[in-house]
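Inside the fold
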Amino acid sequence: MKVGIGADHGGFELKEMLRDYLKNLRHEVVDFGAASLAQGDDFPDYVIPLAKAVASGEVERGIAVCGSGVGACIAANKVSGVRAALITDHFSAHQGVEDDNMNVMTIGGRVVGFNVAQELVTSFLNAKFIGAERHLRRLEKVHQIEK
């Protein structure tokens, strides 16, 4: 799968480890930055380009990391076509895709350790949208807001 990843200083270290982990799993990874640890950088500078790439289909899914994951989630959801969620548990990592067609997962680099992050990312990327009528109906209501 072609996966985009991006992080500010609060998620930089975890992003670097997850990027290597994804490459080892044979995913094609597009790194939207930061390219180096820079205290005081701003998550929107990395998350918005990542979210736009997901929305346009340049990448299939996105992983955004900031200190808590909250700011990255807020920023990603400002891009039409993105369905981002802050993920801290295994169930939500796959259920968000299966029921809500989540296409961006955000993680807190200061909240989630690497081993847990690996499990969450794996669940997220292995999940498939079920596409049941009730899910499609709900997503259409959300899509109408984006227009």
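Summary of the structure given here. (Residues numbered from 1 in each chain as written. Predicted model: local features only at pLDDT ≥ 70, side-chain atom pairs only at ≥ 80, totals over all residues. Heavy atoms only, no water.)

To continue, consider the nonpolar core. A general trend in soluble globular proteins is that nonpolar side chains are found buried together. Among the nonpolar cores identified, the biggest contains 22 residues, and L18, L22, I63, M105, I107, V121 and F124 are the most heavily contacted of them. Considering each element in turn, this core owes the most residues, five residues, to helix α5 (residues 114-126). Sequence-distant contacts of V121, that is, excluding residues within four places in its chain, are made with L18, L22, I63, M105 and I107. L50, A53, A64 and A75 belong to the second-largest nonpolar core, a separate cluster that totals 17 residues. (Core = buried A, V, L, I, M, F, W, Y, C linked by side-chain atoms within 4.5 Å. Buried < 20%, exposed > 50% of the residue type's maximum accessible area, 1.4 Å probe, protein only. Helix = DSSP H or I, 4+ residues; strand = E, 2+ residues; numbered from the N terminus. Contact = heavy atoms within 4.5 Å.)

Moving on, we get to the pairing of strand β3 (residues 61-66). For β3, the tally of buried residues reaches six of six residues, placing the bulk of the element in the interior. Burial along β3 is two-sided: R61, I63 and V65 and G62, A64 and C66, pointing in opposite directions, are all buried. Sheet analysis places β3 next to strand β5 (residues 104-108), joined by five bridges and oriented parallel. Counted as the bridge partner of G62 is V104 from β5. (Pairing = 2+ DSSP bridges.)

Attention shifts here to the sheet that holds β5. Taken in spatial order, the five strands line up as β2-β1-β3-β5-β4 in an open sheet, and their pairing is parallel. Both edges of this open sheet fall to β2 (28-31) and β4 (84-86), since each of them pairs with a single strand only. Put simply, the sheet's adjacent strands are angled 20° from each other on average, direction ignored. Direction of pairing for strand β1 (residues 2-7) relative to β3: parallel, over a ladder of five bridges. Within β3, the residue paired with V3 across the bridge is R61. Of the strands in this sheet, β1, β2, β3 and β5 touch helix α1 (residues 12-24), which is tilted by about 165° from β1. (Axes fitted to C-alpha atoms, helices over the stretch in contact; angles between N-to-C directions.)

Attention shifts here to the pairing of β2. Sheet analysis places β1 next to β2, joined by four bridges and oriented parallel. Bridging across to β2, G4 finds its partner in V30.

Put simply, α1 and α5 touch, their axes get as near as 11 Å, and they point 50° apart. As summarised for this structure, α1 and α5 are arranged oblique, according to the angle between their axes. In this structure, the crossing between α1 and α5 has a hand that is right-handed. Residue-level inspection shows L14, M17, L18, Y21 and L22 of α1 in contact with α5, the latter providing F114, A117, Q118, V121, T122 and L125. (Parallel < 35°, antiparallel > 145°, perpendicular 65-115°, else oblique. Left-handed = near helix turned anticlockwise from the far one by under 90°.)

What follows covers unusual backbone geometry. Across the junction of G33 and A34, the peptide omega takes the value 5°, indicating a cis bond. Assignment of secondary structure puts A34 in the loop between β2 and α2 (44-56). If you check the backbone angles, R26 has positive phi at about 75° while not being a glycine. Its place among the elements puts R26 in the loop between α1 and β2. Judged by relative accessible area, which is 73%, R26 ranks as exposed. Although it is not a glycine, N101 adopts a positive phi angle of roughly 55°.

Such coordinate-based values are descriptive only and should not be taken to indicate function.
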